[in-house]
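So you can see what is in the structure, the chains are spelled out below.
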Amino acid sequence: MTIEKFICGIPKAELHVHIEGTFEPELMFEIAQRNNIKIKYKSIDDLRKAYDFSNLQEFLDIYYDGASVLIHERDFYDMTWAYIKKLHSQNVLHAEIFFDPQTHTDRGIQFSTVITGIHKALENAEKEFGMSTKLIMCFLRHLDEEQAFQTLEQALEYKDWIVAIGLDSSEIGHPPSKFQRVFEKAQARGFLTVAHAGEEGPPEYVWETLNLLNVTRIDHGNRALEDDTLVQLLVQKQIPLTVCPLSNLKLRVVDKLENHPLKKMMNNGLLVTINSDDPAYFRGQLNDNYLKLSKALRLTIDDIYQLAKNSFTASFLSDSEKLSYIKKVDDYEK
Ligand code: HPA
Ligand code: ZN
């Protein structure tokens, strides 16, 4: 079997993907047209050419712009369903998906419109493909604490549809401590917590997510490697890091994939997973992340089995669900 086929077929979970980052230009143009919204790029090709970023902020500016054509429940459904089909074609059996409600409520779209469209597509994933999913609501960290509190209030009505609260957007200058109180409230209401940290921000931000936001998982976490004590703690507690190799390359967190720290993280005993982050913008679905990184770092077949198992271990599934998915990985023949 080729490495491509092996990676494509192995059962796996996606734990770090922003639904707005799965929005492919073709569908964006189609939805813009039906909503009578003008896109500032003349063609799909022109838009794709703009996907050349030197840092996180340059990407975010274009990503928020792209999301602005989403108006109706059907738009959120279509974007989510298109992505579910992509996951299914890659043998992704379970997905934990972020959404950024403030990107839409700030434009006057109702919270209910956003979450209902996404949720209906996730229900359909279970029905059509037997795929399990969970939804994680992120606060935009460039906005203030009060706006996060308001967003949490809106989420409470949909408590059963949301497993965890996360934190994303511009990291530098917006430390986790800014959201300590709203995360405390979210936890008191029964949400799990995760946060992006150590993508561009320093190890101190990773410490803050652990000590102040009480996260059970860290998104990215690359810069944790700069602090040995922090690494020891992450290893000891087996706090997962959801790592996104092609995102790291496209946002210049690493200069080339050959220098990506994933293998080093595994060797250190960290519980790491491979994820796609914003596949429409970084030109790489989940399996492309596995494949390109495997080639660049010369990962072994055993490494790939381990990473696929980690993706279930690090998920928010129950212990029995994790075991049954991990058995599927073990039963997968190379
Ligand atoms: N980092 C922070 N915020 C984001 C990202 C990311 O990689 N993708 C979408 N929102
Ligand atoms: Zn992310």
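A quick note: this is a predicted structure, and the numbers were derived from the prediction, not measured. The residue numbering used here restarts from 1 in each chain and proceeds along that chain's sequence as written. Note on labels: chains are lettered from A, ligands numbered from 1, in written order. For a predicted model such as this one, the threshold for reporting local features is a pLDDT of at least 70, and the threshold for listing and counting side-chain atom pairs is 80 or more; totals across whole chains, interfaces and linings nevertheless cover every residue. Each side-chain value is worked out from all heavy atoms of the structure, with water and hydrogens disregarded.

Caption draft 1: Here's a closer look at the side chain of Asp100. Numbering of helices and strands starts at the N terminus; helices are DSSP runs of H or I of at least 4 residues and strands are runs of E of at least 2. Among the structural elements, Asp100 can be located in the loop between strand S2 (92-99) and helix H6 (101-105). Type-normalised accessible area, obtained with a 1.4 Å probe on protein chains alone, sets the label of each residue: buried when under 20%, exposed when over 50%, and partly exposed for intermediate values. Counting rule applied: Lys, Arg positive; Asp, Glu negative; His and chain ends not counted. The salt bridge criterion pairs a side-chain nitrogen of Lys or Arg with a carboxyl oxygen of Asp or Glu, the two atoms within 4 Å. Summary of buried charges: Asp100 has no salt-bridge partner, and the nearest side chain of opposite charge, Arg141, is 10 Å away. By the convention used here, residues are in contact when the closest approach between their heavy atoms is within 4.5 Å. In this structure, Asp100 is in contact with His18, Glu20, Tyr63, Tyr64, Cys138, Leu140 and Asp168, ignoring residues within four places of it in sequence.

Caption draft 2: Representation of the coordination of the zinc ion (ligand 2) within the structure. Sites may look incomplete, because water is not among the atoms used; the donor set itself consists of N, O and S atoms within 2.8 Å of the metal (3.2 Å for Na, K and Ca). Protein-derived coordination of the zinc ion (ligand 2) comes from His16 (NE2), His18 (NE2), His196 (NE2) and Asp277 (OD), at a distance range of 2.0 to 2.2 Å. Square planar and octahedral sites, with four and six donors, are those where opposite donors lie more than 155 degrees apart and all other angles lie between 65 and 115, tetrahedral sites have four donors with every angle between 85 and 135 degrees, and the rest are irregular. Note that the zinc ion (ligand 2) binds four donor atoms; their angles at the metal cover 82 to 176 degrees, and the shape is irregular. Of note, the donors binding the zinc ion (ligand 2) are all from one chain and are spaced H-x1-H-x177-H-x80-D. Separated by 259 residues along the polypeptide, His18 in strand S1 (residues 12-18) and Asp277 in the loop between strand S8 (272-274) and helix H14 (279-282) bring together distant segments of the chain. Across the pair, exposure class does not vary: His18 and Asp277 are buried alike.

Caption draft 3: Expanded view of the nonpolar core. Core analysis: the largest hydrophobic core is formed by 108 residues, its most contacted members being Phe99, Leu262 and Tyr281. When sequence neighbours within four positions are dropped, the list of residues in contact with Tyr281 reads Glu20, Gly21, Phe23, Met28, Tyr51, Phe53, Phe59, Ile62, Tyr63 and Gly66. One finds Cys138, Ala164, Val194 and Phe316 within the second-largest nonpolar core, a separate group that totals six residues. Only buried residues count toward a nonpolar core, which is a set of Ala, Val, Leu, Ile, Met, Phe, Trp, Tyr and Cys residues joined through side-chain atoms within 4.5 Å.

Caption draft 4: Highlighting empty space enclosed by the protein. Every definition here rests on a 1 Å grid over the protein atoms only: cavities are sets of points where a 1.4 Å probe fits but cannot get out, pockets are open sets enclosed by protein on both sides within 12 Å along at least five of seven lines, and lining residues have some atom within 4 Å of a point. Grid points are joined across faces, edges and corners, and a volume is the space filled by probe spheres set on the points. As enumerated under the stated definition, the model contains one cavity of 30 Å³ or more in all. Roughly 110 Å³ of internal volume is contained in the largest cavity. Together, 16 residues line the largest cavity, and His18, Leu56, Leu60, Ser169 and His196 are the ones closest to its centre. In terms of residue count, helix H4 (residues 56-67) provides more of the lining of the largest cavity than any other element does, four residues in total. Residues belonging to the lining of the largest cavity are distributed by class as follows: six nonpolar, five polar and five charged. When residues are sorted by character, Ala, Val, Leu, Ile, Met, Phe, Trp, Tyr, Cys and Pro go into the nonpolar class, Asp, Glu, Lys and Arg into the charged class, and all the rest, Gly among them, into the polar class.

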